[in-house]
Amino acid sequence: MKSLSFVFVATFLFLTASCNPVNSSDELELNEDIKQVVFFSDDENYRQEASYYDAIIELKKEYPAAFDDIVVIPAANANKYYDLFKVKQFPAILIVHQDEVIANVNGSVTKDQIIEPLSAVLNNE
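Here the structure is a predicted model, which is why all the values come from computation and not from measurement.

1. Structural notes on the confidence of the model for the chain
Okay, step 1: Taken residue by residue, the chain gives an average pLDDT of 78. The fraction at 70 or more is 77%.
Okay, step 2: Within the chain, the lowest mean pLDDT, 44, falls on helix H1 (residues 2–17), and the highest, 95, falls on helix H2 (residues 50–62).
Okay, step 3: A low-confidence stretch, residues 4–25 (pLDDT under 50), is modelled with zero contacts involving residues beyond four sequence positions or located in other chains.

2. Description of empty space enclosed by the protein
Okay, step 1: The tally for this structure, following the rule as stated, stands at one cavity of 30 Å³ or more.
Okay, step 2: Counted as a void, the largest cavity has a volume near 40 Å³.
Okay, step 3: As for the largest cavity, its lining consists of Leu30, Asn31, Glu32, Gln36, Val96, His97, Gln98 and Asp99.
Okay, step 4: Of the residues in the lining of the largest cavity, the class split is two nonpolar, four polar and two charged.

3. With respect to the packing of aromatic side chains
Okay, step 1: Using the criterion set out here, one finds five aromatic pairs in the structure.
Okay, step 2: Here the aromatic rings of Tyr81 and Phe85 are separated by 6.4 Å at their centres, their planes lie at 40°, and the arrangement is tilted. Residue Tyr81 shares its accessibility class with Phe85, and that shared class is buried.

4. Thoughts on the nonpolar core
Okay, step 1: In this structure, Phe67, Ile93, Ile95, Ile114 and Leu118 are the most contacted members of the largest nonpolar core, which totals 18 residues.
Okay, step 2: If you list the elements that add at least two residues to this core, you get strand E1 (36–41), H2, strand E3 (92–97), strand E4 (100–106) and helix H5 (111–123).
Okay, step 3: The element that contributes the greatest number of residues to this core is H5, accounting for five residues.
Okay, step 4: Sequence-distant contacts of Phe67, that is, excluding residues within four places in its chain, are made with Val37, Ile56, Leu59, Lys60 and Leu122.
Okay, step 5: In this structure, Val38, Val71, Ile73 and Val96 belong to the second largest nonpolar core, which totals 12 residues.

5. A short note on the side chain of Ser51
Okay, step 1: Mapped onto the elements, Ser51 comes out in helix H2.
Okay, step 2: Aside from chain neighbours lying at most four places away, what touches Ser51 is Val109, Thr110, Lys111 and Ile114.

6. Digging into the sheet that holds E4
Okay, step 1: Spatially, the four strands line up as an open sheet ordered E2-E1-E3-E4, and their pairing is mixed. Looking at strand neighbours, the two that pair on one side only are strand E2 (71–74) and E4, the edges of this open sheet. The mean inter-strand angle of the sheet, taken between neighbouring strand axes irrespective of direction, is 20°.
Okay, step 2: Bridging between E1 and E3 involves five bridges; their strand directions are antiparallel. Following the sheet pairing, Val37 is matched in E3 by Ile95.
Okay, step 3: Sheet strands touched by H2: E1, E3 and E4. Its angle to E1, the strand with the most contacts, is close to 160°.
Okay, step 4: Running over the sheet, H5 touches E3 and E4 and is turned about 165° from E4.

What counts, and where the lines are drawn
Residues numbered from 1 in each chain as written. Predicted model: local features only at pLDDT ≥ 70, side-chain atom pairs only at ≥ 80, totals over all residues. Heavy atoms only, no water. pLDDT = per-residue confidence, 0-100. Helix = DSSP H or I, 4+ residues; strand = E, 2+ residues; numbered from the N terminus. Contact = heavy atoms within 4.5 Å. 1 Å grid on protein atoms, 1.4 Å probe; cavity = no way out; pocket = protein on both sides within 12 Å on 5 of 7 lines; lining within 4 Å. Points joined across faces, edges and corners; volume = space filled by probe spheres on them. Nonpolar A, V, L, I, M, F, W, Y, C, P; charged D, E, K, R; others polar. Phe/Tyr/Trp six-rings, centres within 6.5 Å; stacked < 30°, edge-to-face > 60°. Buried < 20%, exposed > 50% of the residue type's maximum accessible area, 1.4 Å probe, protein only. Core = buried A, V, L, I, M, F, W, Y, C linked by side-chain atoms within 4.5 Å. Pairing = 2+ DSSP bridges. Axes fitted to C-alpha atoms, helices over the stretch in contact; angles between N-to-C directions.

Dropping the structure here:
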């Protein structure tokens with residue numbers, strides 16, 4: 001009886017240890033039918049992002065639907081998207097529609113410098 005339970009436990013541990021969870025969160029999935037907000041974040045330089053957070057909060061109040069599906073890309077995953085979105089530096093926020101970047105703000109900027117171009121694009125719904 002002890003050997004049967006040992007075999008069962010050993011088999012269970014072997015099977016669970018050999019499983020590799022598939023992490024699909026690294027895949028960027030954008031909805032081409034809507035204007036999608038993409039935010040490139042850098043956790044190590046969060047102080048530079050304060051104006052971006054303030055702008056996102058203010059813009060979300062005015063355009064809640066546009067920010068329901070915001071995509072946040074951490075710095076660790078951003079390298080593969082630099083060329084695709086033509087991001088020059090962190091932090092960055094942009095609006096993508098039908099595989100085209102229609103608004104782009106990056107670097108150290110003020111809240112108003114972020115809100116102005118994004119709200120201009122979001123107003124043209």
